[in-house]
Amino acid sequence: MRLVFLGPPGAGKGTQSVRLAEQFGLAHLSTGEMLRASRSHRTELGLLVADYLDNGQLVPDQEVLDIVAKRLDDDDCQPGVIFDGFPRTLAQAEALDRLLAQRHTPLDLVVELLIDQGELLKRLMKRGRGDDNMATIQQRLQSYENQTAPLVRYYSERKMLRSIDASGTTDEVFQSLSTALEALE
Ligand code: ADP
């Protein structure tokens, strides 16, 4: 099973995808986590992407696509994958379609987490991760609106989109998501 999670920063993609991956025996593929890890290990990629991460801007597509393509070959990805924070641009979405077509493992579902701006800001300010200051948060919300929100239309035209209310508690949202995934099994 292969799923994509769409939704602005703070919608709960990370939390929910970790739980769902465990429940359904899937790999959790978070490009944000992989990029932050490469920065903290000071790899060549890490040095290249640090400024983007610190400013809340999207890392160039090619860098992200390279790490995703490599990760997809890992053993734990073979039963299935939850993509968290990827794709984030139309070019990434098209490239993902090609990567998965080559592997004969198409996407099963794209879940959009819906939540209003006020609630998002509250959650992000509370979280306090390194890149969670007011200026970066505004920039990341802007990147989402400009570059990632168009993917909602891309996937809905392909009849793959399912929108889920993400304003409830973690458990409530997890319940709705589990039900949606069980229907795919
Ligand atoms: P959030 O969704 O809360 O912003 P992520 O961990 O998904 O957190 O992403 C953190 C940062 O990593 C982003 O602001 C961006 O700089 C970078 N990033 C993550 N995924 C991608 C991607 N698919 N394409 C480009 N940049 C990315």
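Residues numbered from 1 in each chain as written. Predicted model: local features only at pLDDT ≥ 70, side-chain atom pairs only at ≥ 80, totals over all residues. Heavy atoms only, no water.

A. Structural view of the sheet that holds strand S3 (residues 81-84). Within the open sheet, the five strands sit side by side as S2-S3-S1-S4-S5. Their pairing is parallel. Of all strands in the sheet, those with a lone pairing partner are strand S2 (27-30) and strand S5 (161-165), marking the two edges. Going across the sheet, the axis of each strand differs from the next one's by a mean of 20°, ignoring polarity. In this structure, strand S1 (residues 2-6) lies alongside S3, joined through four bridges in parallel fashion. In the sheet register, leucine 3 faces S3, and the bridge partner there is isoleucine 82. Here helix H2 (residues 31-40) sits on the sheet and contacts S2 and S3; the angle it forms with S2, its principal contact strand, is near 65°. Across the sheet, helix H9 (residues 170-182) touches S1, strand S4 (109-114) and S5, and the angle it forms with S5 is around 155°. (Pairing = 2+ DSSP bridges. Helix = DSSP H or I, 4+ residues; strand = E, 2+ residues; numbered from the N terminus. Axes fitted to C-alpha atoms, helices over the stretch in contact; angles between N-to-C directions. Contact = heavy atoms within 4.5 Å.)

B. Fine view of the nonpolar core. One finds Val68, Leu72, Phe83, Leu96, Leu107 and Tyr155 to be the most contacted residues of the largest nonpolar core, which totals 29 residues. Of all elements in the fold, only S1, S2, helix H3 (44-55), helix H4 (61-72), S3, helix H5 (90-102) and helix H8 (150-157) reach the threshold of two or more residues within this core. Once you skip the residues sitting within four places of it in the chain, tyrosine 155 turns out to touch Leu6, Pro87, Ala93, Leu96, Leu107, Val110, Met160 and Leu161. Counting 24 residues, the second largest nonpolar core, distinct from the first, contains Phe5, Ala21, Ile115 and Ala166. (Core = buried A, V, L, I, M, F, W, Y, C linked by side-chain atoms within 4.5 Å. Buried < 20%, exposed > 50% of the residue type's maximum accessible area, 1.4 Å probe, protein only.)

C. Main features of helix H7 (residues 134-148). Between the first and last C-alpha of H7 there are 20 Å, a value that for 15 residues agrees with the 21 Å anticipated at 1.5 Å per step. Along H7, the residues that are buried comprise Thr136, Ile137, Arg140, Leu141, Ser143, Tyr144 and Thr148. Down the axis of H7, the buried set is contained in an arc of 155°. They therefore lie on one face. Turned more than 90 degrees away from the buried face of H7, the exposed residues are Ala135 and Asn146. Next to the buried residues of H7 lie S1, H3, helix H6 (117-127) and H8. (Expected span 1.5 Å × (residues − 1). Arc of directions from axis to C-beta.)

D. How the structure looks around the pairing of S3. Burial along S3 is two-sided: the residues Val81 and Phe83 and Ile82 and Asp84 are all buried. Pairing geometry for S2 and S3, over four bridges, is parallel. Bridge pairing links histidine 28 to isoleucine 82 in S3.

E. The arrangement of the site of the ligand in detail. Neighbouring the ligand are 20 residues; Thr31, Arg36, Gln57, Gly85 and Gln92 lie closest to it. Measuring from an oxygen atom of the ligand, one finds a side-chain N or O atom of arginine 36 at 2.8 Å. Taking arginine 127, its side chain carries an N or O atom lying 3.1 Å from an oxygen atom of the ligand. In isolation the ligand has 550 Å² of accessible area, and contact with the protein removes 97% of it. At the level of elements, H2 and H3 are the ones that each hand at least two residues to the shell around the ligand. Here the shell around the ligand is built from residues that sort into eight nonpolar, five polar and seven charged. (Near = heavy atom within 4 Å. Polar contact = N/O pair within 3.5 Å; in protein donor to acceptor, adjacent residues only side chain to side chain. Areas by Shrake-Rupley, 256 points an atom, 1.4 Å probe, with all protein chains shown as cover. Nonpolar A, V, L, I, M, F, W, Y, C, P; charged D, E, K, R; others polar.)

What is shown is where atoms sit, not what they do.
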